[in-house]
Amino acid sequence: KAGVTQTPRYLIKTRGQQVTLSCSPISGHRSVSWYQQTPGQGLQFLFEYFSETQRNKGNFPGRFSGRQFSNSRSEMNVSTLELGDSALYLCASSSGLPTGELFFGEGSRLTVL
Amino acid sequence: AQSVTQLGSHVSVSEGALVLLRCNYSSSVPPYLFWYVQYPNQGLQLLLKYTSAATLVKGINGFEAEFKKSETSFHLTKPSAHMSDAAEYFCAVRSSNNNAGNMLTFGGGTRLMVKP
């Protein structure tokens with residue numbers, strides 16, 4: 001069974017640009033969550049989508065957005081990039097059941113110059 | 001609001017020694033608790049989870065954790081450390097409210113170093 005796939009794995013952008021990251025969940029999983037990991041702030045929850053609807057949202061500015069498609073694949077977008085957006089962005093998928101565990105992808109490492 | 005505290009951002013043990021990584025949580029009701037491991041340049045891998053069944057939870061790679069409600073703790077242990085255990089470990093909490101979705105709140109992480 002294929003795991004969670006994130007693309008691209010690495011990318012470099014400059015301030016002011018925008019970026020789109022993609023996540024393909026494990027087959028059959030309907031929940032996709034996104035997390036930002038930085039050395040200073042650690043792992044922080046961005047948002048969760050379940051059956052194409054945003055179910056939860058973390059405390060991030062509106063520049064961070066996401067969506068989920070009917071096949072459960074998800075994308076997140078960051079507009080007007082700032083230096084502080086440099087981070088590892090992790091996607092996790094889950095069955096959505098209450099005790100379902102989250103399976104994480106390897107992440108997309110974004111560097112903003 | 002829930003929070004997780006991991007005592008010790010760095011822990012160093014000798015190969016073969018006991019591993020003890022500490023995690024305390026703050027929650028109004030017993031939550032679901034998780035331990036994840038992260039190797040360099042990789043995502044997070046679930047070691048074990050507590051979801052209100054047995055309080056002593058066994059996970060992969062010989063790790064286990066005990067949920068202690070009175071101490072609001074969920075410490076991770078392994079009897080004998082291997083070099084391959086060197087990684088960063090994260091404790092996480094999720095609300096047991098079924099309407100809360102899958103949002104995890106993570107602790108700051110503990111980097112485990114294993115000396116030969």
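You'll find the structure just up there.
Throughout what follows, the structure given in this document is the object of discussion.

The rules behind the values
- Residues numbered from 1 in each chain as written.
- Chains lettered and ligands numbered in written order.
- Predicted model: local features only at pLDDT ≥ 70, side-chain atom pairs only at ≥ 80, totals over all residues.
- Heavy atoms only, no water.
- Helix = DSSP H or I, 4+ residues; strand = E, 2+ residues; numbered from the N terminus.
- Rg over C-alpha atoms; globule rule 2.2 N^0.38 Å.
- Buried < 20%, exposed > 50% of the residue type's maximum accessible area, 1.4 Å probe, protein only.
- Contact = heavy atoms within 4.5 Å.
- Areas by Shrake-Rupley, 256 points an atom, 1.4 Å probe, with all protein chains shown as cover.
- Polar contact = N/O pair within 3.5 Å; in protein donor to acceptor, adjacent residues only side chain to side chain.
- Disulfide = S-S within 2.5 Å.

**A look at the overall build of chain B**
- Of the regular secondary structure elements, chain B holds 0 helices and 12 strands.
- Along the chain direction, N to C, the helices and strands of chain B fall in the order β-β-β-β-β-β-β-β-β-β-β-β.
- Taken over C-alpha atoms, the radius of gyration comes to 14 Å for chain B, in line with the 13 Å a tight globule of 116 residues would show.
- Counting only C-alpha atoms, chain B reaches 45 × 30 × 20 Å along its principal axes.
- Expressed as a percentage of the 116 residues in chain B, the buried residues total 44%.
- When contacts within chain B are restricted to residue pairs at least 6 apart in sequence, those whose partners lie at least 24 apart make up 57%.
- As displayed, chain B offers around 5400 Å² of accessible surface, 51% of which is attributable to carbon and sulfur atoms.

**Re the side chain of B:Asn102**
- Note that B:Asn102 resides in the loop between β10 (87–94) and β11 (105–106).
- When its relative accessible area of 0% is taken as the criterion, B:Asn102 is described as buried.
- Within polar-contact distance, the side chain of B:Asn102 engages the side chain of A:Ser31 at 3.2 Å.
- Apart from the residues within four sequence positions on either side, B:Asn102 is in contact with A:Ser31, A:Ser33, A:Tyr35, A:Glu48, A:Arg55, A:Asn56, A:Ser94, A:Gly96, A:Leu97, A:Gly100, A:Leu102 and B:Arg94.

**Some thoughts on the state of the cysteines**
- Per the stated rule, a full pass over the model turns up 2 disulfides over all chains.
- Shown here is the disulfide that connects A:Cys23 with A:Cys91, its sulfur atoms set 1.8 Å apart. Here the disulfide of A:Cys23 and A:Cys91 is left-handed, its torsion about the S-S bond being about -65°. Placement of the pair is A:Cys23 in strand β3 (residues 19–24) and A:Cys91 in strand β9 (residues 87–94), with a sequence separation of 68 residues. Comparing A:Cys23 with A:Cys91, the two get one shared label, buried.
- Covalently, B:Cys23 is tied to B:Cys91 through a disulfide, its sulfur atoms 1.9 Å apart. Of note, the bridge from B:Cys23 to B:Cys91 carries an S-S torsion of about -65° and is left-handed in sense. Of the two residues, B:Cys23 sits in the loop between β3 (19–21) and β4 (24–26) while B:Cys91 sits in strand β10, which places them 68 residues apart along the sequence.
- Judged by its relative accessible area of 0%, B:Cys23 is buried.

Functional significance is not addressed by these values, which are geometric in nature.
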